[in-house]
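Chain by chain, the residues run as shown.
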Amino acid sequence: MTEMRNLSRSTDAADFRQLLGRFATGVTVVTTLDEDGRCAGMTASAVAAASLDPPLLLVCVSKAARLHSAILAGRGFALNILAHDQQALSDRFASKLTDPFAGVPYAEGPMGLPLLNGVVTQVICAPWGQHEVGDHTIFIGKVSGGEVFERPPLVHYRSAYTTTRDA
């Protein structure tokens, strides 16, 4: 029998992390160009398909994140789904480094967007909409293309990295 953990009636940030930590997610890095044309990127976990027709993808970005102002510049963004051996890349783009792209191999994709090498998938999105929600903005992109590579994905579950054997 599984023990049930009773969380407080008023869920705080720590409880919320515990609840959603049981939801396994792929690990992604969202990339774009800032208003000056410099590469910008951030590890993102709040990513989802929003619509099939038209094909829309959403990513939630903290208003305090550097990537927020870069996406507001309106050049679109790319979603890079990381491969099983790219944990260091996830950590790098989740850090406070001034230039997380320094020494990181990438290619220039459509709209000049930086596309990370060695990933599972690259998804190109043109700006489509945005909605402010709490301390984040939901940016919605219309998928205009992408590429799939046959590599196992990196997965995040219970505050740790893992991978799948079935990929």
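The structure contained in this document is the topic of the report that follows. (Residues numbered from 1 in each chain as written. Predicted model: local features only at pLDDT ≥ 70, side-chain atom pairs only at ≥ 80, totals over all residues. Heavy atoms only, no water.)

## Considerations on the nonpolar core
Thought 1: Counting 16 residues, the largest nonpolar core has Val-30, Val-59, Val-61, Leu-67 and Phe-77 as its most contacted members.
Thought 2: Counting only elements with at least two residues in this core, the list comes to β3 (39–44), β5 (56–62), α2 (66–72), β6 (77–81) and β9 (121–133).
Thought 3: Residues within four places of Leu-67 in sequence aside, it is in contact with Val-30, Thr-32, Ala-40, Gly-41, Met-42 and Val-61.
Thought 4: Counting ten residues, the second largest nonpolar core, distinct from the first, contains Val-27, Val-29, Phe-101 and Val-104. (Core = buried A, V, L, I, M, F, W, Y, C linked by side-chain atoms within 4.5 Å. Buried < 20%, exposed > 50% of the residue type's maximum accessible area, 1.4 Å probe, protein only. Helix = DSSP H or I, 4+ residues; strand = E, 2+ residues; numbered from the N terminus. Contact = heavy atoms within 4.5 Å.)

## With respect to the packing of aromatic side chains
Thought 1: Tallied over the full model, the rule gives two aromatic pairs.
Thought 2: Residues Phe-93 and Phe-101 carry aromatic rings whose centres are separated by 5.0 Å and whose planes lie at 80° to one another, so their mutual orientation is edge-to-face. With respect to burial, Phe-93 and Phe-101 carry one shared label: buried.
Thought 3: Here Phe-101 and Tyr-106 contribute two aromatic rings whose centre-to-centre distance is 5.3 Å and whose plane-to-plane angle is 75°, an arrangement assigned as edge-to-face.
Thought 4: Through pairs of rings, three or more aromatic residues link up here, namely Phe-93, Phe-101 and Tyr-106. (Phe/Tyr/Trp six-rings, centres within 6.5 Å; stacked < 30°, edge-to-face > 60°.)

## Details of helix α3 (residues 87–94)
Thought 1: For α3, the set of buried residues is Leu-89, Ser-90 and Phe-93. Buried residues in α3, looked at end-on, bunch into an arc of 100°, giving them a common side. In α3, the exposed residues that point more than 90 degrees away from the buried face are Ala-88 and Ala-94.
Thought 2: Residues of α3 that are buried make contact with β2 (28–33), β3, β8 (114–116), β11 (154–157) and β12 (160–163). (Arc of directions from axis to C-beta.)

## Observations regarding the environment of Glu-147
Thought 1: Inspection of the secondary structure assignment puts Glu-147 in strand β10 (residues 136–148).
Thought 2: A relative accessible area of 42% places Glu-147 in the partly exposed class.
Thought 3: Measuring from C-alpha to C-alpha, the distance between Glu-147 and Thr-121 comes to 5.7 Å, with 26 residues separating the pair along the chain.
Thought 4: Setting aside residues up to four positions removed in sequence, Glu-147 forms contacts with Val-120, Thr-121 and Gln-122.

Purely geometric numbers; function is a separate question.
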